[in-house]
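# Structural overview for review
Now for the letters of each chain:
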Amino acid sequence: MKYLLFEKSAVESIINNPALQSMEFLLSKNFLAFLRGKTDDFFIKDITYITDKSGIIFCGKEATKTFLFFDLDKCKMMEKTNDTELLIVLQKTFRFAVRFWNRQAFTNCEKIFKNKTVIFPFPFSAGSSYRIVLERNPIDRRLNVRGINNCLLAYKYGEEGASSSEDENPDLYIFRKAGESYLEHLYKLKRKIEEQKRKYENKEDSSDSSIHVYVSDNMISSAEFKFMNYEKQVENLTMSQSNIINCKDMDSPIRVEGPAGTGKTAALVLRAIKLLFDAEENNQELSVAFFTHSKSTENAVTQMLLRLAKTDWFNPENSQKLRITTLQGYCTAYIGIKDTQIIDLDASEAKQYQLLLIQDSYKKMSGAVFNTYKYLMSEEAVTFYENEEENKVVLMLQHEFSIRIKGMAEGDFERYKKLDSRGNGIPLIYDADKEYVYKIFKEYQQSLEVQSVYDTDDIILEALARLNAPLWRRARTKEGIDYLLVDEMHLFNLNEQQVFHFLTKDGEQQKIPICFALDYGQIVGERGNIKENYIESTLSVGQTLRQEFITVFRSSQQIAELCASITASGALLFDGFINPYKYCESSFTAREEQMCETPQLLMYENDVEMKTSLEKHIKHFINKYKCKPHEIALVFFDEEMLLKNFTQSVGRYPVNFINGREANSLETDTSKVICTLPDYISGLEFKCVILVAVDEGRVPQSGLFDISSSFLKYSALNKLYLSCSRAQYSVLVLGSNLRGVSSCLQHSLAKGTIIKGNENK
């Protein structure tokens, strides 16, 4: 094949078809197979085509005499790309063509000089220097006099750009022959378009076994997806999502892995509905439990399922039943304790109160007890406690208690002694180092006992003990859950993960009926060696179906690239930092892309100016996107700033303060801007996200000791990634010049995935 010719209106249809934006859609796969000659027939609504021995001509419903032409003899993109790369090259070139024809501004990946354009189709995070070179409006008199004008000719693809020589002109022989062929077949193409239009008007079912029909009459965008009914959502799934939802195997684990915004939760929700529909149709009993980590995520999933599922399924007496709950809520009900006995019923207050209890315990141990142990402890540990700020020590102790002692050692000191010391944790070289930490831990446990309250880890440990007892082992064959769905599995620690092991009916675990979603990049803070956890040791071996999602539906390409550069920065700094982006690919159409902008960093002279600017930024985004205040989130990286100033309002805009409680007003109260901390943003999404107080000393927090600095930077990168990934169209980052630009953003600034703007904007 020597050429591909895309008429102008055909190009416009392709860039605005959501199913042609990613290789995870069947239509994109069939499109590329057709271009490569692997299939003889293909169908896209509003587009027709004619093939000859030299190439393919695509024509849209307008059938103009303007087109984009690929000279495949000179432009070797077919040979030098795989299918995913080829689709990206085509889409980037198509988008440039539409901007050129409509005289719109060009992007920073499009370099214009003389009568040439060089397009760099791959994002900075991909590290590719490949580019495609186009001639703008090539002059051929034989075609021009017949009305062919304003065309684009792609004549070079590779690592070499356009020649600096003014004399470089592409060979127009194939371009001329294809143009003449297009004019010759123009009437026939117009007739085929009219026939296709009549077919759709007169026939409800447009399916034809001889062609690949995938797209419906009204193909939807990702933003509309969540408002569709179950049947319509199923029609618009990617192949990866369909693999999960339609998987017949209910005996083996299914691992759904991918970055934020790739549709993992939606896939789990639709799988739950599919299983219940199938069981109802076959008159089979089926109990399905959907577990979330936080109340806010539970609320979001509940709202999704209330729109899509049958109300009968929420009745526990029904043959097919569905339960949505947090793991903590499930365990609390199972062991039968009251809400008043739980330290962290409210996540925000519980976190602060837990820190206060740990701080009190640390102070009690830092006098005589420390002076006794310091002669037995390692030099590194002694230096850490003597030089580090108290609040940083307390923060790291909280992590050590929850994740290491309770989560990995199950509260047992002998097991704790056998754990390896983590590179970005408290120095634990000698046994005495661990004994001292365990002393503080026991004091903390004593303070809980005095108040007759339990933290989350106590509840989980108690539930585990009862679930691993003879009574439940006998009862689980009848009372166990038939199928488990677990969202955000990465947020559960070792003990929490093991609870799922005991909830199903098969005590021998020969059958593990569980489907779980995973993104290690969203874990805030170090959580030990992930290879030792239940996910990796039990749920990811044997017959496990492992499905990776790569297409980001929530966020624009610019935001996806920023998230990828943040996780890449973490991967460069820390061996254990998991980068979920094998490659970042947004599903946004050209229309959606018009609303997007490159993430921006604004640095103000001081905090006062930064806080004063917030109302202006909210107004700007409301006017730009014609959105409601609740579609904008302010994520504060300075908790004190938020609590002192913005729990009620931001200027004239009232605030919905999300602090870990159920956010019931998120969808109904549209007049309030969302204000929250990074800890509580998971599971939510917004048109725009403003990150407040992102500067050195706050992101990451200052640490006097190398190890604590490493820990804090790791945590800061996680929180940045999590916060940025909540946005659809815009991310705005605000900081103070008094503190300086955050070191966590340096890699992203260098890669150009975030740009430094004017604070007087």
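Preceding block: the structure.
Just so we're clear, the structure is a prediction, and the values are computed from it rather than from any experiment. (Residues numbered from 1 in each chain as written. Predicted model: local features only at pLDDT ≥ 70, side-chain atom pairs only at ≥ 80, totals over all residues. Heavy atoms only, no water.)

## So, the overall build of the protein chain
For the protein chain, the count of helices and strands is 28 helices and 24 strands. In the protein chain, which comprises 761 residues, the proportion classed as buried is 58%. Accessible surface computed for the protein chain: about 32,500 Å², of which carbon and sulfur atoms make up 46%. (Helix = DSSP H or I, 4+ residues; strand = E, 2+ residues; numbered from the N terminus. Buried < 20%, exposed > 50% of the residue type's maximum accessible area, 1.4 Å probe, protein only. Areas by Shrake-Rupley, 256 points an atom, 1.4 Å probe, with all protein chains shown as cover.)

## Concerning the pattern of salt bridges
On inspection of all chains with the given rule, the structure shows 24 salt bridges. One salt bridge in this structure joins R99 and E110, with 2.4 Å as the shortest N-O distance. Within this pair, whereas R99 is found in helix α4 (residues 83-101), its partner E110 is found in strand β5 (residues 110-113), the two being separated by eleven residues in sequence. The same class applies to R99 as to E110, namely buried. Linking D638 and R698 is a salt bridge whose minimum nitrogen-to-oxygen distance equals 3.0 Å. Taken together, the positions of D638 in the loop between β18 (632-636) and α26 (639-645) and R698 in the loop between β22 (686-692) and α27 (706-724) put the pair 60 residues apart, joining distant regions of the chain. Comparing D638 with R698 shows no difference in burial state: the two are buried. One network of salt bridges, with partners in common, ties together D607, D638, D695 and R698. (Salt bridge = Lys/Arg side-chain N within 4 Å of Asp/Glu carboxyl O.)

## Focus on the packing of aromatic side chains
Each aromatic ring pair is summarised here by two numbers: the centre-to-centre distance and the angle between the ring planes. One pass over the full model with this rule turns up 33 aromatic pairs. Centroid distance F70 to F94: 6.4 Å. Interplanar angle 75 degrees. Geometry classified as edge-to-face. On the criterion of sequence distance, the pair formed by F70 in strand β4 (residues 67-71) and F94 in helix α4 is long-range, its members being 24 residues apart. F94 shares its class with F70; the two are buried. When the ring of F277 is compared with that of W313, the centres are 4.9 Å apart and the planes differ by 75 degrees; the resulting orientation is edge-to-face. With F277 in helix α10 (residues 264-281) and W313 in the loop between α11 (295-308) and β11 (320-326), this pair connects stretches of sequence that are 36 residues apart. Among the residues examined, F277 registers a relative accessible area of 25% and is labelled partly exposed. (Phe/Tyr/Trp six-rings, centres within 6.5 Å; stacked < 30°, edge-to-face > 60°.)

## Side note on the nonpolar core
L634, F636 and I690 are the most contacted members of the largest nonpolar core, which totals 62 residues. Aside from chain neighbours lying at most four places away, what touches F636 is L614, M641, L642, F646, C675, T676, L677, P678 and V692. Judged by nonpolar contacts, the second largest core, of 47 residues, contains A10, L72, V89 and A590. (Core = buried A, V, L, I, M, F, W, Y, C linked by side-chain atoms within 4.5 Å. Contact = heavy atoms within 4.5 Å.)

## Topic: the sheet that holds strand β19 (residues 649-650)
By way of backbone hydrogen bonds, the strands of a sheet pair with one another, either parallel or antiparallel. If you walk across this open sheet you meet the eight strands as β19-β20-β21-β18-β22-β23-β17-β24, and the pairing is mixed. Two strands close off the open sheet at either side, each with one partner strand: β19 and β24 (755-756). Sheet analysis places strand β17 (residues 600-604) next to β24, joined by two bridges and oriented parallel. Residue pairing in the sheet places L601 in a bridge with K756 of β24. Against the sheet, helix α25 (residues 607-625) makes contact with β17, β18, β19, β20 (653-658), β21 (673-676), β22 and β23 (727-736), and its axis sits at roughly 165 degrees relative to β23, the strand it touches most. (Pairing = 2+ DSSP bridges. Axes fitted to C-alpha atoms, helices over the stretch in contact; angles between N-to-C directions.)

## Let's talk about the pairing of strand β9 (residues 254-257)
Burial along β9 is two-sided: I254 and V256 facing one way and R255 and E257 facing the other are all buried. Examined bridge by bridge, β9 and strand β13 (residues 514-518) share four bridges and lie parallel to one another. Bridging across to β13, E257 finds its partner in L518.

## Focus: α4
Helix length check: α4, at 19 residues, gives a terminal C-alpha distance of 27 Å against a target of 27 Å (1.5 Å per residue), a fit within 8%. With 15 of 19 residues buried, α4 is to be regarded as a mostly interior element. Its side-chain oxygen placed 3.2 Å from the backbone nitrogen of T84, N82 serves as the N-cap of α4. At the exit of α4 stands R103, carrying a positive phi of roughly 55 degrees. (Expected span 1.5 Å × (residues − 1). Polar contact = N/O pair within 3.5 Å; in protein donor to acceptor, adjacent residues only side chain to side chain.)

## Let's talk about the sheet that holds β4
The eight strands are arranged β2-β3-β1-β4-β8-β7-β6-β5 in an open sheet whose pairing can be described as mixed. Here the strands that pair on one side only, and so sit at the sheet edges, are β2 (47-51) and β5. If you compare each strand with its neighbour and ignore which way they point, the axes differ by 20 degrees on average. Here strand β1 (residues 3-7) runs beside β4; their pairing, made up of five bridges, is antiparallel. Directly across from F6, in β4, lies its bridge partner L68.

## Some points on the environment of E24
Topologically, E24 is positioned in the loop between α1 (8-15) and α2 (26-35). Judged by its relative accessible area of 6%, E24 falls in the buried class. Measuring from C-alpha to C-alpha, the distance between E24 and S240 comes to 6.2 Å, with 216 residues separating the pair along the chain. Among the polar contacts listed, one links the side chain of E24 to the side chain of S240, at a separation of 2.4 Å.

## Let's talk about the pairing of strand β3 (residues 55-60)
Counting buried residues in β3 gives six out of six residues, a clear majority hidden from the surface. Judged by which residues are buried, β3 turns out to be covered on both faces: G55, I57 and C59 on one side and I56, F58 and G60 on the other are all buried. Here β1 runs beside β3; their pairing, made up of four bridges, is parallel. Within the sheet, the bridge partner assigned to Y3 lies in β3 and is G55. In the sheet, β2 pairs with β3 via five bridges, with the strands oriented antiparallel. Bridging across to β3, T48 finds its partner in C59. In textbook terms, the turn of a hairpin is the stretch between consecutive antiparallel strands, and for β2 and β3 this stretch comprises three residues.

## Considering the packing of α2 against α4
For the pair α2 and α4, the least separation of the axes is 10 Å and the interaxial angle reads 90 degrees. The orientation of α2 relative to α4 falls into the category roughly perpendicular. Where α2 approaches α4, its residues S28, F31, L32 and L35 are matched on the opposing element by D83, L86, L87 and L90. Classifying every residue of the contact of α2 with α4 by side-chain character gives six nonpolar, one polar and one charged. (Parallel < 35°, antiparallel > 145°, perpendicular 65-115°, else oblique. Nonpolar A, V, L, I, M, F, W, Y, C, P; charged D, E, K, R; others polar.)

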